[in-house]
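# A look at the structure
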Amino acid sequence: MNVLVYATSTAPGLSNTLRSVLSPFYTVQSITPASLATQPWPTSCALLVIPSLDRSAGPLSLPKPAHDAVQQYIATGGRLLGIGLGASLLPSRATQGRFDLWDSGSSTGIVPETPGEAPATQNVPSTLRLQTGAVLSGLRPAGAPFELARGASTAVRARWEEPAGAVAGAQVPVGSGQAGFWDVALDDGADSANAHALLRFALASLGLMLPANAPGAAALPPVPTQPLPQLLLHQRSKGHIVETVLKNLGISAAVLGELKEIKDISDTFEFHVVTAESSARLIADARNAADAGTPPTSDPPRVVIVLPVDVLPSRELTPRFDAEEYFGALEAAKAASDAGVQSGWGLGEALFYSEAVTSTQTMLERNPQFLAALPAPIVSLASFQLAGRGRGSNTWLSPEGCLQFSVLLRAPLSAFPAPRLVFIQYLFGLAVVTACRSPQALGGEQGARVKLKWPNDVYVELPDGNTRKVGGILVNTSFSSGSVDVVVGCGLNVSTPEPIASLTLLSPAGRPLRGEKLLALILVEFERLWTSFVRGKGGWAPFEDAYLDAWMHSDQLVTLTTVDPPRAVRIVGITHDHGLLRTMPERTGWGGKVPQGGDDGYIDVQPDGNSFDIMAGLIRAKK
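Residues numbered from 1 in each chain as written. Predicted model: local features only at pLDDT ≥ 70, side-chain atom pairs only at ≥ 80, totals over all residues. Heavy atoms only, no water.

## Examining the sheet that holds strand β19 (residues 350-357)
- Strand order in the open sheet made by the 11 strands is β16-β17-β18-β15-β19-β20-β21-β25-β24-β23-β22, with mixed pairing throughout. Among the strands making up the open sheet, the edge pair consists of β16 (259-263) and β22 (450-453). Looking at each pair of strands side by side, their axes are set apart by 25° on average, direction ignored.
- Taken strand by strand, helix α12 (residues 515-535) contacts β20 (378-385), β21 (402-412) and β25 (483-493), and its axis lies near 20° from that of β21. (Pairing = 2+ DSSP bridges. Helix = DSSP H or I, 4+ residues; strand = E, 2+ residues; numbered from the N terminus. Axes fitted to C-alpha atoms, helices over the stretch in contact; angles between N-to-C directions. Contact = heavy atoms within 4.5 Å.)

In C-alpha cells, the structure reads:
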C-alpha cells in the first residue's frame, strides 16, 4: 500500500522521515494536485499526508476535482494526516476555494488551518504530552490554531506544555474515515528520536501498522539501509559455472585476493576473489557502515564477492538466505522435472545473492556491457531492494519475507519471431502459479487460490471472497549480435507480515512457506516452460489451457475504457500471434446486435500501456 505525500516545498524532508518510520510496510511517494484529480490513487492508498504550506501561501486550497477526490476517499474509509496544520470544526462547509472535509453524520465541516504569523517564540523548541502520557521534548509548534468546540467525537491526541494545555494534535472522524492534524513543524530536524516517536504515535492512531510490530523481527539483523555486497554462488560440483562467469568478465578464479573493477554505464562493479574468512570481513564492514549511518560515496561500486569453488556461505554470513537449503531444493526439483538443460548449466544454478541491493532488475538491464558479458542463464536475488522496480513507473515495495529476483535469459533471434517475446511474461506468471500450487508449496485447495491477473500480477483469492495482490512480473528485452537478452524480474510476497498480503495467508498452519524452496520450484518450472517455448518456435498453443486455468478472467465481463465510447466486453483469452487480451463485445440488448469490434468482431487489447482494475471491472490506459 502507498502513503502519498501531497507535493509541496516542505514535502521531501517529511517524506524521507516517513520512509524511515514506515519502511518496509508502506511505499512513500509524492502526489501532485493533478494526480489527485485524475489518477485512481485511492485504491492503493493507506494514508494521504498533507504537510503545512509556506506562510505566504495562505489558506490551504486544492483544485475542485482533487478536493472532491480527497473528500470521497476520506469519507469512504480513507485516512488523512496533516503535519504542521491545525483544524477548525464548523457547522457548514468552508468558503469556496478553501480546502475542507465534510462529515455528514455530524454535519460538521473540518477546515485545515495553516500557520499564522510567526510569533517570536515559535522557533523555540517546546514539549508536548501525548494522550498516552508520554512526553516528547525538542519539538517546535508550527503555529497553526485549533478550534474544536463542535467536535464531540474529536480525540485530542496531544497538548503542548507551553502554552499550557494548547492542542498539539487532534483526530476527527470524517464519514467512515479519519483525519489527524498535528501543529508540529517537522520540516527541519525531522529525523530526531522524538520526531520519529511522534510520527509513530500519529500513524498508529490512524490505524497504520508499523514495522516494529512485525513478529520475529528481533531474530534477524536490522533491515539494511544501504546496499550490501553480492555473492556469486553456484551449485556444488559445478565449479565450471563460476569459472565461466569470471572468464567472460576477464577475471581469473585461480588468483585469491584479486580485485577486478568493471565500469559500465550505470554502475561500477568490484569483483573480489577471496576466501570465506575474507568474505565475512567484507560483508561485516559494509553492514557496520550501514548500521552506523555512514553515508556512502556519491557513486558507490557494486561489490561482488567470489567464494572458492564449491563453498557456500554460512547462515551467519547470509542470515536471510539459506544457500544450502536453496541449492538442495533446486536439485530435488530438477530431479523431479522433465526440464532439459540446453547447454552449460540449468536455470538457478548460477546465482548472485545480496541481503540488500538497489534493484536486481536495474543491475542487469542498465549495464549493457556487463549484461552482454554475462553467460546465461543467471539469477540475481536479494532479500531487500532499496529501489525496486515495478511495471511502468511503479515501485516495488520490499518488505521482510518478500522473494525478489531477476533472471537473465538469452536466445538467438532465429529461435522465434520477435513479436512472440510478449509471451514470456505470461509463461513466467504461469511458472509462479504452478510452483505455488505444487504439493511442495501450498498444494491442493489452497494452492488453487493463487491466480494470475492480466497482464503480469499474481493474486490470491481469500476464503472470504476478497482478492489481494502478492506479486508482479516485469520483462525487459534488448537485442545485440544476433541474439535477444531477456531480463525477467519478479517480486513475490511469501511471508511478509500484515498488513501486506502474502502467500502465508493461504499456508496451512504449521507449514510455513520457505522462500528458498519456492524460488527453486519457480525456476525449475519456468525452465521447463522456456525450453518448450524455444523448441516450439514461440508457439502459444501448448500453454494456453494451463494459462487459462491459472488466471482469474475466463468469461469475465468488464468495461473497456480504451475505446470511445467505453464498451462492456467479455474476456475470451489471449491471441496466439501477438499475445493480446482478446475480448468480445456484449450484445446491446435482448436479441440486439453485437457492437462492432475488429474485422472478426473481437476487440484485442495490448498488455503494454494498459492496466486491469479488477475491483472496478475496468480495463484502462495505464498512466
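## Considerations on the packing of aromatic side chains
- Within this structure, the stated rule accounts for 22 aromatic pairs.
- Plain terms: the ring middles of Y426 and Y547 are 5.4 Å apart, the flat faces sit at 55° to each other, and that makes the pair tilted. In this pair, Y426 is assigned in helix α10 (residues 423-437) and Y547 in helix α13 (residues 541-550), connecting sequence segments 121 residues apart.
- The buried category is assigned to Y426, whose relative accessible area is 0%.
- In textbook terms, an aromatic cluster arises when at least three aromatic residues are bridged by ring pairs, as seen for F405, F416, F423, Y426, F428, F526, W530, F533, W540, F543, Y547 and W551. (Phe/Tyr/Trp six-rings, centres within 6.5 Å; stacked < 30°, edge-to-face > 60°. Buried < 20%, exposed > 50% of the residue type's maximum accessible area, 1.4 Å probe, protein only.)

## What to know about the environment of D549
- Following the sequence through the fold, D549 ends up in helix α13.
- Taking the C-alpha atoms as reference points, D549 and A448, 101 residues apart in sequence, are found 9.5 Å from one another.
- When near neighbours in sequence (up to four residues on either side) are disregarded, D549 contacts R437 and K451.
- A polar contact of 3.1 Å, which involves the side chain of D549, links it to the side chain of R437. (Polar contact = N/O pair within 3.5 Å; in protein donor to acceptor, adjacent residues only side chain to side chain.)

## Structural notes on the pairing of strand β27 (residues 567-574)
- Two strands pair when backbone bridges link them, and strand β26 (residues 557-560) and β27 are joined in this way by four bridges, in the antiparallel orientation. By the bridge assignment, V558 is partnered in β27 with V569.
- Between the end of β26 and the start of β27, which pair antiparallel, lie six residues.
- With five bridges joining them, β27 and strand β28 (residues 581-585) adopt antiparallel strand pairing. Each residue of the ladder has a partner; that of I571, found in β28, is T583.
- The loop that links β27 with its antiparallel partner β28 comprises six residues; one of these, G579, has a positive phi angle of about 65°.

## Overview of the nonpolar core
- Core analysis: the largest hydrophobic core is formed by 86 residues, its most contacted members being F405, F428, L492 and L503.
- Here this core takes 12 residues from α12, the largest share from any one element.
- Discounting chain neighbours no more than four positions away, the residues touching L503 are C436, L442, V450, V460, V470, L492, N493, V494, L513 and L518.
- Core analysis: the second largest hydrophobic core is formed by 34 residues, L14, I83, L128 and L199 among them. (Core = buried A, V, L, I, M, F, W, Y, C linked by side-chain atoms within 4.5 Å.)

## Some details on the side chain of H67
- If you trace the backbone, H67 turns up in helix α3 (residues 64-75).
- Not counting residues up to four positions away in its chain, the partners in contact with H67 are L62, R93, R98, F99 and D100.

## Some details on the pairing of strand β15 (residues 230-234)
- With five of its five residues buried, β15 lies for the most part within the structure.
- By the alternation rule, side chains of β15 split into Q230, L232 and H234 and L231 and L233, which are all buried.
- Pairing of β15 with strand β18 (residues 302-306), which is carried by three bridges, proceeds in the parallel orientation. What sits directly across from L232, in β18, is V306.
- In this sheet, β19 lies alongside β15 in antiparallel orientation, the contact comprising four bridges. By the bridge assignment for β19, L233 is matched with L351.

## Some thoughts on the side chain of S126
- Counting through the fold element by element, S126 comes out in strand β8 (residues 126-130).
- With relative accessibility at 11%, the residue S126 sits in the buried group.
- The residues contacting S126, other than those within four sequence positions of it, are L136, S137, G138, L139, P141, W160 and E162.

## Description of the sheet that holds strand β14 (residues 184-185)
- As summarised here, the arrangement of the 10 strands in space is β2-β1-β3-β4-β13-β12-β11-β8-β9-β14, forming an open sheet in which the pairing is mixed. At either margin of the open sheet sits one strand with a lone partner, and together these are β2 (27-31) and β14.
- When β8 meets strand β9 (residues 135-141), the two strands line up antiparallel, connected through four bridges. Looking across to β9, one finds that L128 is bridged to L136.
- Its contacts with the sheet put α3 on β3 (45-51), β4 (79-83), β12 (167-174) and β13 (177-182), and the angle it makes with β3 is roughly 130°.
- Across the sheet, helix α4 (residues 193-205) is in contact with β3, β4, β8, β9, β11 (155-160), β12, β13 and β14; its angle to β9 comes to roughly 95°.

## Re the environment of A411
- Within the fold, A411 resides in strand β21.
- Among the residues examined, A411 registers a relative accessible area of 5% and is labelled buried.
- Taking the C-alpha atoms as reference points, A411 and S483, separated by 72 residues in sequence, lie 5.6 Å from one another.
- Apart from residues no more than four positions distant in its own chain, A411 is found in contact with S483, V484 and W530.

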